Amino acid sequence: MTKGILIFAHNNEYVDYAKLALVSGSLAKKYLKMPISLVTDKHTLEWIKKSKIDSDINNVFEQIIEVPPPVTNNNRHLYDGKDKSLVPFTNINRCSAYDLTPYDTTLLIDSDFLIFSDALNNYWDVCDDVLIAESVVDAVGQHRLGHLDHHISDTGIKMRWATTVMFEKNEKTRRFFNLISYIKDEYEMFADLFRFNPLQYRNDISFSIAKHIMDGYTEAETYHLPTLLTVLDRDILIDVKNKDLIFLFDEKNETLAGKIQGRDVHIMNKQSLIRNASNILESI
Amino acid sequence: MDKRLQEALEFSKYKNTFNIQHKTLKEKADAQLTYGHNGGLFKIDQSLITFVQMLIDQDRIKNVVLLDYNNNPTLVEDLNEFKDEIFDRYFSVVNEFYASVTEMKKSRSVEKLLDL
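A few points on the structure. (Residues numbered from 1 in each chain as written. Chains lettered and ligands numbered in written order. Predicted model: local features only at pLDDT ≥ 70, side-chain atom pairs only at ≥ 80, totals over all residues.)

Side note on the overall build of chain B
So, point 1. Looking only at helices and strands, chain B has 4 helices and 4 strands in total.
So, point 2. Listed by position from the N terminus, the elements making up chain B come as α-β-β-α-β-β-α-α.
So, point 3. Projected onto the principal axes, the alpha-carbon positions of chain B cover approximately 70 × 25 × 20 Å.
So, point 4. Taking all 116 residues of chain B together, 16% fall into the buried category.
So, point 5. In chain B, 64% of the contacts between residues at least 6 apart in sequence involve partners at least 24 apart. (Helix = DSSP H or I, 4+ residues; strand = E, 2+ residues; numbered from the N terminus. Buried ≥ 20, exposed ≤ 12 C-beta atoms within 10 Å, placed from the backbone. Contact = placed C-beta atoms within 7 Å.)

Quick word on the overall build of chain A
So, point 1. When you go through chain A residue by residue, the secondary structure sums to 9 helices and 15 strands.
So, point 2. Dimensions of chain A along its principal axes, counting C-alpha atoms only, are 45 × 45 × 40 Å.
So, point 3. Contacts in chain A between residues far apart in sequence, at least 24 positions, make up 75% of those at least 6 positions apart.

Regarding the interface of chain B and chain A
So, point 1. Contacts between chain B and chain A engage 19 residues on the former and 26 residues on the latter.
So, point 2. Breaking the side of chain B that touches chain A down by element, the ones donating at least two residues are helix H1 (3–32) and strand S1 (34–37) of chain B.
So, point 3. Each residue belonging to the side of chain B that touches chain A can be placed in one class, and the counts come to 6 nonpolar, 9 polar and 4 charged. (Nonpolar A, V, L, I, M, F, W, Y, C, P; charged D, E, K, R; others polar.)

Considering unusual backbone geometry
Residue and element names in this part refer to chain A.
So, point 1. A positive phi is found at Lys-33, a non-glycine position, where the angle reads about 55°.
So, point 2. With respect to the helices and strands, Lys-33 occurs in the loop between helix H1 (17–32) and strand S2 (36–40).
So, point 3. Residue classification places Lys-33 among the exposed positions, given that 9 C-beta atoms sit within 10 Å.
So, point 4. Positive phi is not limited to glycine here, since Lys-52 has a value of about 60°.
So, point 5. For Lys-52, the position within the fold is in the loop between helix H2 (42–50) and helix H3 (54–60).
So, point 6. On the neighbour-count criterion, Lys-52 (8 C-beta atoms within 10 Å) is exposed.

Re the packing of helix H5 (residues 171–185) of chain A against helix H7 (residues 203–214) of chain A
The description of two helices packed together rests on the angle between their axes and the distance between the axes.
All names here are of chain A.
So, point 1. Between H5 and H7, the least distance of the axes is 9 Å, while the angle of their chain directions is 130°. In this view, H5 runs oblique relative to H7, as classed from their interaxial angle. Viewed along their axes, H5 and H7 form a crossing whose handedness is right-handed. Each of Phe-176, Leu-179, Ile-180, Ile-183 and Lys-184 in H5 lies in contact with H7, whose residues at this interface are Ser-206, Phe-207, Ile-209, Ala-210, Ile-213 and Met-214. (Axes fitted to C-alpha atoms, helices over the stretch in contact; angles between N-to-C directions. Parallel < 35°, antiparallel > 145°, perpendicular 65-115°, else oblique. Left-handed = near helix turned anticlockwise from the far one by under 90°.)

Thoughts on the nonpolar core
Residues and elements named next belong to chain A.
So, point 1. If you look at the biggest cluster of nonpolar residues, it comprises 87 residues, and the most contacted ones within it are Ile-5, Ile-7 and Ile-132.
So, point 2. Per element, the largest residue contribution to this core is 9 residues, and it comes from H1.
So, point 3. Apart from the residues lying within four places of it in its own chain, the contact partners of Ile-132 are Arg-160, Trp-161, Ala-162, Val-165, Phe-207, Lys-211, His-224 and Leu-225. (Core = buried A, V, L, I, M, F, W, Y, C linked by C-beta atoms within 7 Å.)

Let's talk about the environment of Asp215(A)
Residues and elements named next belong to chain A.
So, point 1. By the secondary structure assignment, Asp-215 is in the loop between H7 and strand S11 (228–231).
So, point 2. The partly exposed category is assigned to Asp-215, around which 13 C-beta atoms lie within 10 Å.
So, point 3. Considered as a pair, Asp-215 and Asp-138 are 77 residues apart in the sequence and their alpha carbons are 27 Å apart.

The values reported here are purely geometric and, on their own, carry no functional implication.
This is the structure:
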């Protein structure tokens, strides 16, 4: 039984997902000591060469799996502190993880999820086919999160966070990923059924619905991956010292300083993560 | 601004930074105290440690079934090995947590809290 980690990276003109994947993959390889593969496209591969990170990418990832660039008219606002940009959301092909992964058991992580511990190694042998992060916790406090961070809509089911997903290849998970693909294709119909806003496609919503259906339309007492420690995109990663990530947190329009160390963390402000990519890579 | 108010606000900022760090350290300890064994997941806490030690004292050591945190039965083939693992992990995590909090309490400014 092979085990490994899978990361998707499809660059757009605003976000260098390849660089994020390099940071995220390097940390995951260091702390989990597992092989890692990258799913990407030819444009991103060209950029990897052009930006001269190809040798680093080849050192970190044992396999680079090239797929066609995802086509999307899906846009979303990305914040970098108080600045915001409307950017294309290209990360829509995660439902193909089942077919693309070279591993029997796969940990699928977002490229903005940084691993600083071996906590996820506890979950490889847990008796469940699909494990997803059950909830999020905000680095500053839960008061900064809203109902829609925990549910897919005002009246909807619980939100699972597809930032981290672990799955074993078998018939049940094949059906699970096929269902996610169907939900993606029929997103508006599912929005009617589950009463969420379909304007922007979200992997978290598709995974949440698929899990809900596969669990028999219940809030089943199943295993799940650890709660995600999340730093919001209005917070800014300003420095990395040794293994400490130093942030400026936006708290009720005031700025608070704080640091996170030794804890796996989901950093939603991608631009500030890219600005500090070299510092993080040097600290590994 | 009145000096008394300014001092209070400065302390308030320090306290907010302190609380964020304390919270993330606590969550880090919580994550480290989750232990996967033979398909089950256990939260290592004082009651698990006490229960396991009690079973060992009763000579129930081989092929013991424990309920994990989802109340699923999990076979532990050798409870002594299991106990050694959870003891080691519990004390290394709690000692690290203690050292970090003690260090934080000595830092009386935001700059020192952040090692700037």
